Amino acid sequence: MELVLAIVSGLLYFFGSAQIGYCFAEGFAWMPLVQAVVFGAITGQMTDAIIIGATISALYVSVVPAGNNTPADSCAAGAIAIPIALMAHMNVAAASALAVSVAIIGNLLQPIQYNVNGIYAHMCDKHAAKGDYKAIVRTCWMSLGSTFLIRFPIAFVTVYFGAGMVDKMMAAMPEWISNGLTVSGGVLPALGIAVTLTVIDKNQYIPLFLFGYFFVVVMKLSILAASILGICAVILYVVISLEDQKDLVAVIGAGDDDDDD
């Protein structure tokens, strides 16, 4: 099981970091929640995997890659932390804390990848000046190979040897540290949501946030049910907004007709 998870982890980490297919990679291999479905299917722990993946995704939902540089590697957070958490049977809080550490360490690989692949970018410029299309294709494959060598081994080794190491660390960890990780892991998703509200900076959306908080925290609504409810609320909001716009256009159009008369 460890070998399979390590290989899949390395492939997902490579695929997401290389951004093959661009938007497809951003929505599939890069997102911890989607990665969680893959690991859940492999381990047979789909429920635990999705809960952990959704929590980790909440940490980075507001991260904006300004200049294509992110402050944390959310792809590593999911691809590496989720399989380790599932094998070590961690709770959500401990898995979240592990994901944060992995994401920060994984982000150190980004400048290495960019600098190495920058060499291939200049090579492609030279091939393009000569009109050598085949050479450009070969160079692109070379850049993918470099990305694979940078990303895959890290994820593979960490996941393959990580579960046993984590078990030993958790057993040897003092209670005050484990309690601290649990508390910090529980706070981090709320921090991610708070940052999202700050980025949105629209007061009219605050009632929607309180609406969701009431149903999830007070009414104990499940994440799946809350997601469906949220989608319905968004659709309803869009439909009402469009109807208001149509009515406004109709009123303006009627006013223009009166002026013409």
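The structure contained in this document is the topic of the report that follows. (Residues numbered from 1 in each chain as written. Predicted model: local features only at pLDDT ≥ 70, side-chain atom pairs only at ≥ 80, totals over all residues. Heavy atoms only, no water.)

1. Describing the overall build of the protein chain
Each helix and strand counted, the protein chain has 11 helices and 0 strands in total. Secondary structure elements of the protein chain, listed N to C terminal, follow the sequence α-α-α-α-α-α-α-α-α-α-α. A separation threshold of at least 6 residues defines the contact pool for the protein chain, and within that pool the share at least 24 residues apart is 72%. Only carbon and sulfur atoms are counted for the fraction: they give 72% of the accessible area of the protein chain, which is about 15,500 Å². (Helix = DSSP H or I, 4+ residues; strand = E, 2+ residues; numbered from the N terminus. Contact = heavy atoms within 4.5 Å. Areas by Shrake-Rupley, 256 points an atom, 1.4 Å probe, with all protein chains shown as cover.)

2. Observations regarding unusual backbone geometry
Phi is positive for His 89, close to 55°, though the residue is something other than glycine. Structurally, the position occupied by His 89 is in the loop between helix 5 (74-88) and helix 6 (92-106).

3. So, the side chain of Ser 57
Its location among the elements puts Ser 57 in helix 4 (residues 46-59). For Ser 57, the side chain forms a polar contact with the main-chain nitrogen of Leu 33, separated by 3.0 Å. A polar side-chain atom of Ser 57 sits 2.9 Å from the main-chain carbonyl oxygen of Gly 53. Beyond its immediate stretch of four places on either side in the chain, Ser 57 contacts Pro 32 and Leu 33. (Polar contact = N/O pair within 3.5 Å; in protein donor to acceptor, adjacent residues only side chain to side chain.)

4. A closer look at a nonpolar patch on the surface
Together, Ile 206, Phe 209, Leu 210, Tyr 213, Phe 214, Val 216, Val 217, Val 218 and Met 219 make up an exposed nonpolar region whose accessible area comes to about 780 Å². Following the sequence through the fold, Met 219 ends up in the loop between helix 10 (206-218) and helix 11 (223-260). (Patch = residues over 30% accessible without salt bridge, like charges linked within 9 Å, V, L, I, M, F, W, Y side chains within 5 Å. Salt bridge = Lys/Arg side-chain N within 4 Å of Asp/Glu carboxyl O.)

5. So, the packing of aromatic side chains
Tallying each qualifying case throughout the model produces 5 aromatic pairs. For the ring pair Phe 152 and Phe 156, a centre distance of 5.8 Å and an interplane angle of 20° mean the geometry is stacked. Of this pair, Phe 152 and Phe 156 both sit in helix 8 (residues 133-172), 4 residues apart, which is roughly one turn of the helix. Phe 152 gets classed as buried once you look at its relative accessible area, which sits at 16%. Arranged with centres 4.9 Å apart and planes meeting at 90°, the rings of Tyr 160 and Phe 161 form a pair that is edge-to-face. On the basis of relative accessibility, which here comes to 47%, the residue Phe 161 falls in the partly exposed class. Grouped by ring-pair contacts, the aromatic residues Phe 14, Phe 148, Phe 152, Phe 156, Tyr 160 and Phe 161 constitute a single cluster. (Phe/Tyr/Trp six-rings, centres within 6.5 Å; stacked < 30°, edge-to-face > 60°. Buried < 20%, exposed > 50% of the residue type's maximum accessible area, 1.4 Å probe, protein only.)

6. Thoughts on the packing of helix 4 against helix 6
Where helix 4 contacts helix 6, the two axes come as close as 10 Å, and the packing angle between them is 45°. When the axis of helix 4 is compared with that of helix 6, the two are oblique. Between helix 4 and helix 6 the crossing geometry is right-handed. Note on element contacts: helix 6 touches helix 4 through Val 92, Ala 95, Ser 96, Ala 99 and Val 100, opposite Ile 51, Ile 52, Thr 55, Ile 56 and Leu 59. Partitioning the contact of helix 4 with helix 6 into residue classes produces 8 nonpolar, 2 polar and no charged. (Axes fitted to C-alpha atoms, helices over the stretch in contact; angles between N-to-C directions. Parallel < 35°, antiparallel > 145°, perpendicular 65-115°, else oblique. Left-handed = near helix turned anticlockwise from the far one by under 90°. Nonpolar A, V, L, I, M, F, W, Y, C, P; charged D, E, K, R; others polar.)

7. Overview of helix 3 (residues 32-43)
With 12 residues, helix 3 ought to run about 16 Å at 1.5 Å a step, and its terminal C-alpha atoms sit 16 Å apart, in line with that. Listed as buried for helix 3 are Pro 32, Gln 35, Ala 36, Phe 39, Gly 40 and Thr 43. Looking straight down helix 3, one finds its buried side chains confined to an arc of 140°; they lie on one side. Directly after helix 3, the chain includes Gly 44, whose backbone phi takes a positive value near 80°. (Expected span 1.5 Å × (residues − 1). Arc of directions from axis to C-beta.)

8. Quick notes on the packing of helix 1 (residues 2-18) against helix 5
Their axes nearest at 8 Å, the elements helix 1 and helix 5 cross at an angle of 165°. On the basis of the axis angle, helix 1 is roughly antiparallel to helix 5. Along this stretch, helix 1 crosses helix 5, giving a crossing that reads as right-handed. In contact with Glu 2, Leu 5, Ser 9, Leu 12, Tyr 13, Gly 16 and Ser 17 of helix 1, helix 5 contributes Cys 75, Ala 76, Ala 79, Ile 80, Pro 83 and Met 87. Partitioned by chemical class, the residues of the contact of helix 1 with helix 5 number 9 nonpolar, 3 polar and 1 charged.

9. Regarding helix 4
The end-to-end C-alpha distance of helix 4, which contains 14 residues, comes to 20 Å, matching closely the 20 Å that a straight helix rising 1.5 Å per residue would cover. Those residues of helix 4 that sit buried are Ala 49, Ile 52, Gly 53, Thr 55, Ile 56, Ser 57, Ala 58 and Leu 59.

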